[in-house]
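Here's the letter readout for the chains.
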Amino acid sequence: MSKSKLAIDGGKPVRAHYLPYGRQMIDDEDIESVVKVLQSDYLTSGPAIEQFEAEIAAFTGAKYAVAFSSGTAALHGACYAAGIGEGDEVITTPMTFAATANCVLYQGGVPVFADIDPRTYNLDPQRIRESITARTKAIIPVHFTGQPAQLDEILQIAREHNLIVIEDAAHALGARYKDRSIGSIGDMTMFSFHPVKHITTGEGGMITTNNPVYYEKLLQFRTHGITRDERKLRENHGPWYYEMQFLGYNYRITDIQTSLGISQLRRIGGFIEKRKQLAALYLQELSATKELILPHQLPEAESSWHLFIVRLQLVRLKATRKTVFQALQKENIGVNVHYIPAYLHPYYESLGFRKGICPVAESCYEEFITLPLYAGMEPEDVLDVVAAVKKVIRHYSK
Ligand SMILES: *Cc1c(COP(=O)(O)O)cnc(C)c1O
């Protein structure tokens, strides 16, 4: 193996063009589907929304699905439907995008961060148990990178303490846990359709649930707290009549977006299969690189592989994570870091959260690098990333 000069030191980059860490896959059918809606009577509140909801419900095996303008809006809706209110504590993971905890704050609740399992990077059930108080109302596990959290253990804790489980499955459309689809297991499950996720609507999200009471609340929350349902009206002045019964939001998604979602969902099987193949190739090609810890999969959890994260063994390296990260960027590899522990953000610090709450998550954060992974990549792209990773790691190895 030639000792080629790193691009960061002026050498030739492994790739001539930048490879992003994630991106959407749009084909002609997607475009046709959107154009058809643009030419139709309904740009919003039309039939494409209900169709997308029905198809996501069928895909996940849930009874009901409610689409929202974003995954974050969907999580907010789930917290409302779960009855999270002033002072209620909700246990969640710090190893997530800020939105997971923010939705608790929107409702006046208190996020309580429990530490993660150092093998799977998912919430550690034992740490959840230790975080329960008389004020605990719900648990929000995140299926981090697409690997389902330990749902049996989490649901058992929830049953014992009468807690609601809201799954943040923004990473996990198409993932399975003990042969059940994510989306049909907990009380409510959130999916996101941001362009880096498995399928996209531009912006968009969904809650799936088997519970008709949550379903009704979610529908009403999404549209200002307004209902036209005759069974629910206090009065009825005539056919035009509707009532706003609680303070909801305009969190509706459009038919333009959901028509894209419907078209994208037709290809979900292929998208997931491709991600699995690419992840398997990464695992195979990087298994002998002792400076890296590769993602560990529990036998009962079948990941849908949203992210491929490697953990640097910094004791074996002469460089910091920042240097390795910058060197890979210069090789034209679009690496990323997921995530800055939520409570380390300045806003959370202003609420009183401090470094040290979840030491495992904090040390993982110091060592994580996310490698590119999306359905539009080819095996050759993975091999480019692997070549760049090996080039950089070898250079900085002790
Ligand atoms: C993407 C994401 C969200 C938020 O979804 P949006 O659709 O971007 O609002 C929440 N949680 C996690 C873990 C995510 O990855």
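Per chain, residue numbering runs from 1 following the sequence as it is written. Selection of residues for local features in this predicted model requires a pLDDT of at least 70, selection of side-chain atom pairs for listing and counting requires 80 or more, and totals for whole chains, interfaces and linings are taken over all residues. Calculated side-chain values reflect all of the structure's heavy atoms, with hydrogen atoms and water omitted.

Peer 1: Hey, could you run me through the overall build of the protein in this one?
Peer 2: Secondary structure elements are defined from DSSP: runs of H or I of at least 4 residues count as helices, runs of E of at least 2 residues count as strands, and each element is numbered from the N terminus. Regarding its fold elements, the protein presents 13 helices and 15 strands. For the radius of gyration, the atoms used are the C-alpha atoms, and the globule rule reads 2.2 Å times the number of residues raised to 0.38. Relative to a compact globule of 398 residues, whose C-alpha radius of gyration would be 21 Å, the protein shows 22 Å and is just as compact. With respect to the principal axes defined by its C-alpha atoms, the protein has extents near 80 × 55 × 40 Å. Taking all 398 residues of the protein together, the buried fraction comes to 57%. Pairs at least 24 residues apart make up 72% of the contacts formed inside the protein by residues separated by at least 6 positions. Accessible surface, the protein as shown: approximately 17300 Å² in total, 52% of it carbon and sulfur. As used throughout, the charge tally considers Lys and Arg to be positive and Asp and Glu to be negative, leaving His and the chain termini uncounted. To locate a charge, the coordinates of NZ of Lys, CZ of Arg, CG of Asp or CD of Glu are taken. Where the 42 positive side-chain charges of the protein centre and where its 45 negative ones centre are 7 Å apart. The buried label goes to any residue with under 20% of its type's maximum accessible area, the exposed label to any with over 50%, and the partly exposed label to all in between, with areas taken from a 1.4 Å probe on protein chains only. Note on contacts: a residue pair qualifies if any of its non-hydrogen atoms lie within 4.5 Å across the two residues. Where accessible areas are quoted, they stem from the Shrake-Rupley method and a 1.4 Å probe; at the residue level, only the protein chains shown are allowed to cover.

Peer 1: Got a minute to help me understand the domain arrangement of the protein in this structure?
Peer 2: By a frequent convention, interface size equals the accessible area lost on bringing the separate parts together. Domains are outlined according to an automatic or database domain assignment. Per the domain assignment, the segments of the protein are domain 1 (7-23 + 268-396) and domain 2 (28-265). Each partner contributes residues to the interface: domain 1 has 39 residues there, and domain 2 has 39 residues. Just to be clear on terms, a salt bridge is a Lys or Arg side-chain nitrogen sitting within 4 Å of an Asp or Glu carboxyl oxygen. The tally of links between domain 1 and domain 2 comes to zero salt bridges. We define a polar contact as two N or O atoms separated by no more than 3.5 Å, with the added condition that, inside protein, one atom must be a possible hydrogen donor and the other a possible acceptor, whereas residues neighbouring each other in sequence contribute only through side-chain atom pairs. On inspection of domain 1 and its partner domain 2, the count reaches 17 residue pairs in polar contact (both at pLDDT 80 or more). Listed by contribution, the elements that provide at least two residues to the side of domain 1 that touches domain 2 are α9 (268-286), β13 (301-302), β14 (308-312), α11 (346-350) and α12 (359-367).

Peer 1: What is the right way to look at the layout of surface pockets in this model?
Peer 2: One water molecule sets the probe size; rolling that probe over the atoms shows where empty space is left. Only protein atoms enter the calculation, which uses a 1 Å grid: trapped sets of points that fit a 1.4 Å probe without letting it out are cavities, open sets showing protein on both sides within 12 Å along at least five of seven lines are pockets, and any residue with an atom within 4 Å of a point is a lining residue. Grid points are joined across faces, edges and corners, and a volume is the space filled by probe spheres set on the points. In this structure, the largest pocket spans a volume of roughly 580 Å³. Around the largest pocket, the lining is made up of 18 residues, and of these Glu-50, Leu-219, Arg-222, Thr-223 and Ile-226 lie nearest the centre. Elements that contribute at least two residues to the lining of the largest pocket include exactly α2 (47-60), α7 (212-222) and β10 (226-227). When residues in the lining of the largest pocket are grouped by element, the largest group, five residues, is from α7. Taken together, the residues that form the lining of the largest pocket break down as five nonpolar, five polar and eight charged. Amino acids outside the nonpolar list (Ala, Val, Leu, Ile, Met, Phe, Trp, Tyr, Cys, Pro) and the charged list (Asp, Glu, Lys, Arg) are all regarded as polar, and Gly is one of them.

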